[in-house]
Structure formats: C-alpha cells, structure tokens
Amino acid sequence: MEFRQFWGERSELRRFQDGAICEAVLWDAANLCQKRLIPEQIIRHILKLHLDIPDTSISYVGALLEPLIKLRREPAGTGEEDMVSLIRSYDDLSRKLWHLEGMPLTVTAVQGAHPALRYTDTFPPVPMKPDYSFHGKIKGLASFLPVAEKPCPAYVAPIKVICQMEGSGQWPRNKEAIQRIKAAFQMQLAEVLNQQHHLLCRPAITYTDIHKCRLHHQNGPGRSYASRLF
C-alpha cells in the first residue's frame, strides 16, 4: 500500500536537513508527556481512516497513569523538561566547582545525590522565580528577608550535591577541631563561588546552599534552582 494512501490526509511532502524530499507524517506534541501519547493518535487515526471506527469506540489504556503525575500548568506535562533543565544546571555547577581557584584543597569529584539527577524523580524540583514584593532587602548584602505582613515565600527544594576534595595529612585529630575546619571550609567555598562565578551562596556548618539562576532577564534574575553542597 502506498504511503500516502495508508496515512491519508496526514501525509505531506517535507524537506529534511539532508536535502531529501519525501512523504512524512507529523504528530504534534508540546512536551514529553504528549509525545508518549503519539501512539494513541496513530491508532485512532488509522482505525478511523481504514475501518471507520469512531474515537468513542476506542479505549486507550497506555496513558491511565498520566493524570496522576501531571503538573498543574499549561501545557500540561509531567516534569521531564524540568528534569533536563535541572541536570544542565547541575552540570554547569559541577564544571564551576572543578575549576575553582584559591581553595586550600582541590576538587576531585562532584556527585549528584538527588533522584532527579538520575531521571527517577516523579515530581522533580521546578525552578522558582522569587517574588521580591514579599521580601525586604538587607542593606549591604545580596540577601532578602520575608516580610511578616506578606504570605510565606515559595519553597525552593534543594538538590543535594556531594563535593569530594583531595586528601591531606594536615587534618587535626580532635573531632571538634575537624568540625570547625569543615565549617571554615564551607565559608571559604561560598566566598570563592560568589567572587569567581557570582553565585548567591549561604554557608552553614556542614553544607553550603547555592542559588543558581536558570535564566537572566533584563529586569532582574529569572527562575532559579537551589543546590545543597556537602
């Protein structure tokens, strides 16, 4: 059976990047969630075209779980695009950590410890755009505090990242001294990341929170991810 005869009006001549011109069928899908439903479009189209079976007589079971994991936004999807964007942000942060200068110990390994970095998180963290009307700026610092009269700001779920440094024989033997050195290391790490890559960092005793913007707009920073570096 001829290609155009089999696909009917869905078949059309298209020119490809290699210069070839041939019959092709294009199926619209705005995101990965809709791409998984392309087989349903194909089945419904073929059954309607060749067997005159209406859509009302077809029950497609390949997408029964999709409504349970869809995110409430348009176009409706299940977060795979956010996962890809998150991994790109992580890869960029990893490269910055590998090339840090001015640290007492060099970075030997950077490992992501979050399900989204393995494409296994059902609801991956999404980048959040802060609403600055809900915050008050701290003078002299690139920091904002929530305003008591405003609603609670959106929570940015951190992505856990483990940073391994080179070995050294100069570590103290006292447990408390080791903890103090680790805290000092987190403070220096946050300072170096801010100076060399202009990242907003907040050091703690055992980790450093890093807020990394995914996009930049003319009117200020865009949506950002939060990474927690151990």
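Calculation rules
Residues numbered from 1 in each chain as written. Predicted model: local features only at pLDDT ≥ 70, side-chain atom pairs only at ≥ 80, totals over all residues. Heavy atoms only, no water. UniProt positions renumbered as here; feature names shortened; annotations may be inferred. Helix = DSSP H or I, 4+ residues; strand = E, 2+ residues; numbered from the N terminus. Contact = heavy atoms within 4.5 Å. Areas by Shrake-Rupley, 256 points an atom, 1.4 Å probe, with all protein chains shown as cover. Buried < 20%, exposed > 50% of the residue type's maximum accessible area, 1.4 Å probe, protein only. Polar contact = N/O pair within 3.5 Å; in protein donor to acceptor, adjacent residues only side chain to side chain. Salt bridge = Lys/Arg side-chain N within 4 Å of Asp/Glu carboxyl O. Expected span 1.5 Å × (residues − 1). Core = buried A, V, L, I, M, F, W, Y, C linked by side-chain atoms within 4.5 Å. 1 Å grid on protein atoms, 1.4 Å probe; cavity = no way out; pocket = protein on both sides within 12 Å on 5 of 7 lines; lining within 4 Å. Points joined across faces, edges and corners; volume = space filled by probe spheres on them. Nonpolar A, V, L, I, M, F, W, Y, C, P; charged D, E, K, R; others polar. Phe/Tyr/Trp six-rings, centres within 6.5 Å; stacked < 30°, edge-to-face > 60°.

The protein chain is annotated in an unreviewed UniProt entry as Nucleolar protein 6 of Thamnophis sirtalis. The UniProt entry for the protein chain carries the following comment under Subcellular location (unreviewed entry): "Nucleus, Nucleolus". Its UniProt record gives the protein chain the following Sequence similarities (unreviewed entry) comment, quoted word for word: "Belongs to the NRAP family."

Novice: Looking at this model, I keep getting lost on the overall build of the protein chain. Mind explaining?
Specialist: Across its full length, the protein chain carries six helices and eleven strands. Considering only contacts in the protein chain between residues 6 or more positions apart, those separated by 24 or more positions represent 51%. Taken as a whole, the protein chain presents about 15,700 Å² of accessible surface, with 56% of it coming from carbon and sulfur.

Novice: Got a minute to help me understand the environment of Asp28 in this structure?
Specialist: Looking at the element boundaries, Asp28 is found in the loop between β2 (21–25) and α2 (32–35). Overall, Asp28 belongs to the exposed group, its relative accessible area being 59%. Taking the C-alpha atoms as reference, Asp28 lies 9.5 Å from Gln41; in sequence the two are 13 residues apart.

Novice: How do you make sense of the side chain of Arg44 when you look at a structure like this?
Specialist: Within the fold, Arg44 resides in helix α3 (residues 38–51). At 3.1 Å, the side chain of Arg44 and the backbone oxygen of Asp55 are in polar contact. In this structure Arg44 touches Asp55, Ile58 and Tyr60, once residues within four positions along its chain are discounted.

Novice: What exactly am I supposed to notice about the pattern of salt bridges here?
Specialist: What the rule picks out here adds up to nine salt bridges. Between Asp92 and Lys96 there is a salt bridge, with its nearest N and O atoms 2.6 Å apart. Placement of both Asp92 and Lys96 in helix α5 (residues 80–98) is noted, with a separation of four residues, approximately one turn of the helix. Of the residues examined, Lys96 reaches a relative accessible area of 17% and is grouped as buried. Residues joined by salt bridges that share partners form a network here, namely Glu40, Arg44 and Asp55.

Novice: Teacher, can you tell me more about helix α6 (residues 175–197) here?
Specialist: An α-helical turn contains 3.6 residues, so any two residues separated by three or four positions project in the same direction. Taking 1.5 Å per residue, 23 residues should reach 33 Å; α6 reaches 32 Å between its end C-alpha atoms and fits that length. Along α6, the positions that sit buried rather than exposed are Ala183, Phe185, Gln186, Leu189, Ala190, Val192 and Leu193. If you check the start of α6, you find a side-chain oxygen 2.9 Å away from the backbone N of Glu176, and it comes from Asn174.

Novice: When you look at the nonpolar core in this model, what are you seeing that I'm missing?
Specialist: Across soluble globular proteins, nonpolar side chains have a tendency to be buried as a group. Ranked by internal contacts, the top residues of the largest apolar core, which has 27 residues, are Leu97, Leu100, Leu189, Leu193, Ile210 and Leu229. Only α5, β3 (107–112), β6 (158–165), α6 and β11 (224–229) provide two or more residues apiece to this core. When residues of this core are assigned to their parent elements, the largest contribution, six residues, is made by α5. If we ignore the near neighbours within four places in the chain, the residues touching Leu229 are Leu97, Val161, Cys163, Gln186, Leu189, Thr206, Tyr207, Thr208 and Ile210.

Novice: Hey, could you run me through empty space enclosed by the protein in this one?
Specialist: Empty space among the atoms can be located by rolling a probe the size of a water molecule over them. Scanning the entire structure with this criterion turns up one cavity of 30 Å³ or more. Taken as a whole, the largest cavity holds about 60 Å³ of empty space. What lines the largest cavity is Leu86, Ser89, Tyr90, Leu93, Ile159, Val161, Lys212, Tyr225 and Ser227. Elements supplying a minimum of two residues to the lining of the largest cavity: α5, β6 and β11. Here the element with the most residues in the lining of the largest cavity is α5; it accounts for four residues. Residue classes in the lining of the largest cavity are distributed as six nonpolar, two polar and one charged.

Novice: Mind showing me how you'd approach the packing of aromatic side chains here?
Specialist: Any aromatic ring pair is given by two values, namely how distant the centres are and how the planes are angled relative to each other. In total, this model carries three aromatic pairs according to the counting rule given. Measuring from centroid to centroid gives 6.3 Å for Phe3 and Trp7, while their planes differ by 50 degrees, and the two rings are tilted. With Phe3 and Trp7 both in helix α1 (residues 3–7), this residue pair falls four residues apart, about one helical turn. The class for Phe3 is partly exposed, based on a relative accessible area of 38%.

Novice: What is the right way to read the environment of Asp91 from this model?
Specialist: As for its placement among the helices and strands, Asp91 is situated in helix α5. For Asp91 and Leu117, which are 26 residues apart along the polypeptide, the C-alpha to C-alpha distance reads 9.9 Å.

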